[in-house]
Amino acid sequence: MSSRARVLLTTTSSDAHMWNLIFLQLLIEECGHEVRNLGICVPDDVIIGECRRWRPDLLVVSTVNGHGHLDGRRLIRKIRQDPLLRDLRVILGGKLGVHGADNVRHLEELVAAGFDAVLEAESGVDRFRALLGDLPGRPQLAPGGRGRLGAFVERAQRQGRLVVQPRMGFGRLDQMRAGLRAVRDCRARAVGTITLDSYTRVNDHDSARRALAGGADLNGFPLVVHGTRATRRMLEGLQSDDFPIQVRHGSALPYEIFRHVVEAGVDATEGGPVSYCLPYSRVRLKEAVAEWARCCTLLAEAADAGHVVHLETFGGCMLGQLCPPGLLVALSVLEGMFFRQYGVRSISLSYAQQTNTEQDVSAIAALRRLADEWLPDVDRHIVVYTYMGVYPRTPVGAFRLLEQSVYLAQAGGAQRLIVKTAAEAHRIPTIGENVEALEFADAVAAYGDAADHGRVEQETELIYAEARRLIEATLALSDDVGSALVRAFERGLLDVPYCLHADNANRSRAAIDHLGRLRWAAAGSMPVEVSAPRDGAAPVTSGRLLEWLSFNERRFDRELPGGVRMEVTA
């Protein structure tokens, strides 16, 4: 369902008439929309600034002093030159010139200048009503502090259902809508995903725009280029209490993405100041932390206005693999604390499947325990990512690994699972392949029993203690979580193994032992225990690194019966 649209009402910089604005505000409100009236003699920069801040669905410029064709042409040129406003719907109406009936001569030139509609005096009132009736409403927002995604996950948990979710994004609006519809209609308890493209991730919107115009296939959805109006239309009739949708993006500097998420009424997004900076960008960590503080403040303000956007930390997945679980758990909790500091109250903490299921179950148990201690006053749940490293190349191997991630989520008590497909090692999956993975995961969760992973209490205590030392060492550096994170990486108290980012010490090293457990082979300056066997602490060679990176690929592909090897068609 949709609610009222947001309409910004103004006159031009030279027009001091007020009754027209009062009348139009009443008319727009009678049509069921929210109005913000800027009043008389409004400078161009004030109008543009308010459009950027409030992000209306429609800008209405009313003028009756005869200078409308002059002031309007100047204003619309500035609006169309602004990257954030070039797609804003803008209507100009009133007495556009000083020649009475001959003012109609200005209509065509003003439309050509960039107005979506130009209405002359009294004759335009009926058409204006019709235009108001065509405005796309904003998605109906879930009430309360939990938000739509949090409430959906909580209902599923009460029903004993694991929520599953794809990693899916397409460049065109019709493709993305078709993908979301297929996920909504699949046989699973699913959340929709809009994964953004790589150009949008690095704020290169011009390249995304050119690619779309040239008919190129993008590797995700260019949210900023499509704009909030088109995105809201795409979501109409899909997003609901029974089908929340999340934007996944991978951006270290995501403020414009977050603005579009809020303005389009999307239910959730994800990432974090560390987890989307160090692995995915060259942005300095201090800059990313400042940007993410602005993003979280934006979400907190949206929640105060009734739109709760759920925020998922990506801290439990650093480089996808070869990061021991104690650091993953610590970063997930620290990013959650960062979100909370800036007012976000509906969050999820992530953990990415690694190379030993017992160790992973222990890590999730430690994550839940630390979340209870450090984040007791927020709506939260745990989300598991199906393995994010080098993926099996065979369909059977890929489904075996996905099956193992379902068991991991269930055994660890996670409420949501991000799945991967059998095509993952070869290309971007199709809609059908995403649906197949979702339905497979749902069936495993519904009809399978999580394997008995033995006694995990001892390993849980070890991971819990290590993660807690990392969290406490970080928080001791500052009362501000963001400043503490920056200082911890400067001093090497947090150090992601193998990560080449300039703000990461890169003196720690991890190894995989003979059972698939991740161990520290070198700690750098981190307060962690080096526990890798002697051969794991040896210098890392290219061959050994490749062996570790392909551990799960080899492990699950070689389990095929009779040596059969089936490839996915690329």
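Starting afresh in each chain, residues are numbered from 1 along the sequence in its written order. The predicted nature of this model means local features are confined to residues of pLDDT at least 70 and side-chain atom pairs, given and counted, to a pLDDT of 80 or more, with totals for whole chains, interfaces and linings taken over all residues. The side-chain quantities take in all heavy atoms of the structure and omit both hydrogens and water.

K.L.:
So what's going on with the overall build of the protein? Which residues, and what values?
P.N.:
For the protein, the count of helices and strands is 20 helices and 17 strands. Against the globule reference of 25 Å for 570 residues, the protein gives a C-alpha radius of gyration of 26 Å, in line with a compact fold. For the protein, the C-alpha atoms occupy an extent of roughly 90 × 50 × 45 Å along the three principal directions. Once local pairs closer than 6 in sequence are excluded, the contacts in the protein between residues at least 24 apart make up 75%. Helix numbers and strand numbers start at the N terminus; a helix is a DSSP run of H or I with at least 4 residues, a strand a run of E with at least 2. Based on C-alpha atoms, the radius of gyration is set beside the globule rule, defined as 2.2 Å times the residue count to the power 0.38. Contacts between residues were defined by any pair of non-hydrogen atoms, one from each residue, lying within 4.5 Å.

K.L.:
Residue-level account of helix 9 (residues 205–213), with values.
P.N.:
The set of residues buried in helix 9 consists of His205, Ser207, Ala208 and Ala211. Buried residues of helix 9, seen end-on, are gathered within an arc of 160° and therefore sit on one face of the element. More than 90 degrees from the buried face of helix 9, the exposed residues found are Arg210 and Ala213. Of the residues flanking the end of helix 9, it is Gly215, one or two places downstream, whose phi is positive at about 80°. Only protein chains enter the accessibility calculation, which uses a 1.4 Å probe; a residue is then buried when its area is under 20% of its type maximum, exposed when over 50%, and partly exposed in between. It is the directions from the helix axis to the C-beta atoms that the arc portrays.

K.L.:
Let's hear about the packing of helix 1 (residues 19–30) against helix 5 (residues 125–133): which residues, and what values?
P.N.:
Lines fitted to the C-alpha atoms define the axes, with helices restricted to the stretch that makes contact. Angles between their N-to-C directions range from 0 to 180 degrees. Relative to each other, helix 1 and helix 5 sit at 40°, their axes nearing to 10 Å. Classed by the angle they form, the pair helix 1 and helix 5 counts as oblique. With respect to the hand of their crossing, helix 1 and helix 5 are arranged in right-handed fashion. Two secondary-structure elements touch here, helix 1 through Leu24, Leu27 and Ile28 and helix 5 through Val125, Phe128, Arg129 and Leu132. Gly is put with the polar residues, along with every residue not named as nonpolar or charged; the nonpolar set is Ala, Val, Leu, Ile, Met, Phe, Trp, Tyr, Cys and Pro, and the charged set is Asp, Glu, Lys and Arg. Of the residues belonging to the contact of helix 1 with helix 5, the class tally is six nonpolar, no polar and one charged. Any angle that is under 35 degrees is reported as roughly parallel, and any over 145 degrees as roughly antiparallel; angles of 65 to 115 degrees are reported as roughly perpendicular and all others as oblique. Each crossing gets its handedness from the near helix: less than a right angle anticlockwise from the far helix is left-handed, clockwise is right-handed.

K.L.:
Talk me through the side chain of Gln321; I want residue IDs and the actual numbers.
P.N.:
Checked against the element boundaries, Gln321 lands in the loop between strand 12 (310–313) and helix 13 (325–341). Any pair of nitrogen or oxygen atoms within 3.5 Å is treated as a polar contact; in protein, a donor-acceptor pairing is required on top of that, and neighbouring residues in sequence qualify only through side-chain atoms on both sides. Within the local environment of Gln321, its side chain forms a polar contact with the side chain of Tyr387, the two groups lying 2.8 Å apart. Looking at Gln321, its side chain comes within polar contact range of the main-chain oxygen of Leu549, at 2.9 Å. If near-sequence neighbours (up to four positions away) are discounted, Gln321 is found in contact with Gln354, Tyr387, Gly389, Val390, Trp548 and Leu549.

K.L.:
Before we move on, can you summarise unusual backbone geometry with the specific residues and values?
P.N.:
The phi torsion at Cys41 lies on the positive side, around 50°, for a residue other than glycine. Among the secondary structure elements, Cys41 is positioned in the loop between strand 3 (34–37) and helix 2 (44–54). The phi dihedral of Leu319 is positive, around 65°, even though this residue is not glycine. For Leu319, the position within the fold is in the loop between strand 12 and helix 13. For Leu319, a relative accessible area of 36% corresponds to the partly exposed category.

K.L.:
Residues and numbers for the nonpolar core, please.
P.N.:
We call a set of buried Ala, Val, Leu, Ile, Met, Phe, Trp, Tyr and Cys residues a nonpolar core when their side-chain atoms join them within 4.5 Å. Ranked by size, the top nonpolar core spans 123 residues in total, and within it Leu180, Ile194, Leu278 and Leu494 carry the most contacts. Listed in part, the 20 residues of the second largest apolar core include Ile47, Ile48, Val90 and Leu92.

K.L.:
Could you give an account of the pairing of strand 6 (residues 117–120), naming the residues involved and the relevant values?
P.N.:
In strand 6, alternate side chains face the same way, and those of Ala117 and Leu119 on one face and Val118 and Glu120 on the other are all buried. Note: strand 5 (residues 89–94) against strand 6, four bridges, orientation parallel. Paired with Gly93 across the two strands is Leu119, which belongs to strand 6. Paired strands, in this sense, are two strands between which DSSP finds at least two bridges.

K.L.:
Account for the pattern of salt bridges, with residues named and values stated.
P.N.:
Salt bridge, as applied in this entry: a Lys or Arg side-chain nitrogen positioned within 4 Å of an Asp or Glu carboxyl oxygen. All told, the structure shown has 37 salt bridges when counted by the stated rule. Salt-bridge contacts for Arg232 lead to Asp57; the nearest nitrogen and oxygen are separated by 1.9 Å. Here Asp57 lies in the loop between helix 2 and strand 4 (58–63) and Arg232 lies in helix 10 (residues 223–235), a separation of 175 residues in the sequence. Asp57 shares its class with Arg232; the two are buried. A salt bridge links Arg184 to Asp185; the nearest nitrogen and oxygen atoms lie 2.9 Å apart. Members of the salt-bridge network, linked through shared partners, are Glu358, Glu459, Asp513, Arg517 and Arg519.

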